[in-house]
Amino acid sequence: MKISVLDIAFNQHNAINHIHPTLLEIHGQYFLTDTGYEDTLPQLQTALNQHGIDLTSLHGIIISHDDIDHLGALYNIKKVNPLLQVYCSKTEEPSVTGKTEAERLVQAKQLLQKLPEEQQAWGKNFVALQESIQRIPAVDHVVQDNDLILGGIRVIETPGHTRGHISLYIEASKTLIANDALVVEPGGALNIANPEFTLDLQAAIGSVQKIHALNIQTLICFHGGIITDHIQQKLDQLIHQYKI
Ligand SMILES: [Zn+2]
């Protein structure tokens, strides 16, 4: 299995931001973890081209969780590649397919009710952004904790950021694709993704402890990219930081 961490750069709030879907080549088939935003689809296409492939070459996409930066482009990718196999957790499948409201949308609507007048415009925009996500009608592969998929990827349920968030552990190379269970901060330390938007902080810490129990040599975070140094130590620090 060949693992390539993509670097998708884009402008956000007048700064350059980066997100990192992972491209997996498994027996000549290509799989992607998460899609980026609808608006970053051109950058994703460029990144795939750099690997000699395009959107139609993708065999499947594993969606880690229902957030705009992780599945925002899924609908458009599926449109150009109708045979694309989509994977996500059993918990997130109803919202990924639009059968139920996404947790983030519910959260955004609740937040809007509590926001003071001067932040109402921001809150309405946040709700509208969640509502703008186009949904695919069906998921092909619904996965659960400990499932072994694609001949060597262990599904690790890591709830907290959302209820059905999953990380992926590639046993052969001791690589964890943590998605948003962890982020790498600019200085290299690990943190929880957006603690203020974490739907269940206690569960998120529990997920970090679950990750800590794995033997990880390479850690890939959607926000922050790849780290290989002092992973256990950084996880220790993070658990310690959130201990009440
Ligand atoms: Zn994210």
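It should be noted that the structure appears before, not after, this text.
Treat the numbers as computed from the prediction; the structure is a model and nothing was measured.

Caption draft 1: Seen up close, the packing of helix H7 (residues 201-212) against helix H8 (residues 231-242). Closest axis-to-axis distance for the H7/H8 pair is 10 Å, and the angle between their directions is 155°. Taken together, the axes of H7 and H8 are roughly antiparallel relative to one another. Our pair here, H7 against H8, has a crossing hand that is left-handed. The residues of H8 that touch H7, namely those facing Ile205, Val208, Gln209, Ile211 and His212, are Leu235, Leu238, Ile239 and Tyr242.

Caption draft 2: Structural detail: the sheet that holds strand E1 (residues 2-5). Spatially, E1-E4-E5-E6-E7-E8 is the arrangement adopted by the six strands of the open sheet, whose pairing is mixed. Where the open sheet ends on each side, the last strands, each with one partner, are E1 and strand E8 (141-143). Recorded for the sheet is a direction-independent mean angle of 20° between the axes of neighbouring strands. Summarising the sheet, strand E5 (residues 29-33) and strand E6 (residues 58-62) pair through four bridges and their orientation is parallel. Looking at the pairing, Leu32 lines up with Ile61 of E6.

Caption draft 3: Quick peek at the sheet that holds strand E10 (residues 153-157). Read from one edge of the open sheet, six strands run E9-E10-E11-E12-E15-E16, paired in mixed fashion. One side of each edge strand has no neighbouring strand; the edge strands of this open sheet are strand E9 (148-149) and strand E16 (225-227). Pairing between strand E15 (residues 218-221) and E16: three bridges, direction antiparallel. Within E16, the position partnered with Leu219 by the bridge is Ile227.

Caption draft 4: Here's a closer look at the pairing of strand E2 (residues 8-12). As paired elements, E2 and strand E3 (residues 15-19) share five bridges and run antiparallel to each other. Note on E3: the bridge partner recorded for Gln12 is Ala15. Hairpin connection between E2 and E3: a loop of two residues separates the two successive antiparallel strands, and His13 in this loop has a positive phi of roughly 50°.

About the cut-offs
- Residues numbered from 1 in each chain as written.
- Predicted model: local features only at pLDDT ≥ 70, side-chain atom pairs only at ≥ 80, totals over all residues.
- Axes fitted to C-alpha atoms, helices over the stretch in contact; angles between N-to-C directions.
- Helix = DSSP H or I, 4+ residues; strand = E, 2+ residues; numbered from the N terminus.
- Parallel < 35°, antiparallel > 145°, perpendicular 65-115°, else oblique.
- Left-handed = near helix turned anticlockwise from the far one by under 90°.
- Contact = placed C-beta atoms within 7 Å.
- Pairing = 2+ DSSP bridges.

All quantities given are derived from atomic positions and should not be read as evidence of function.
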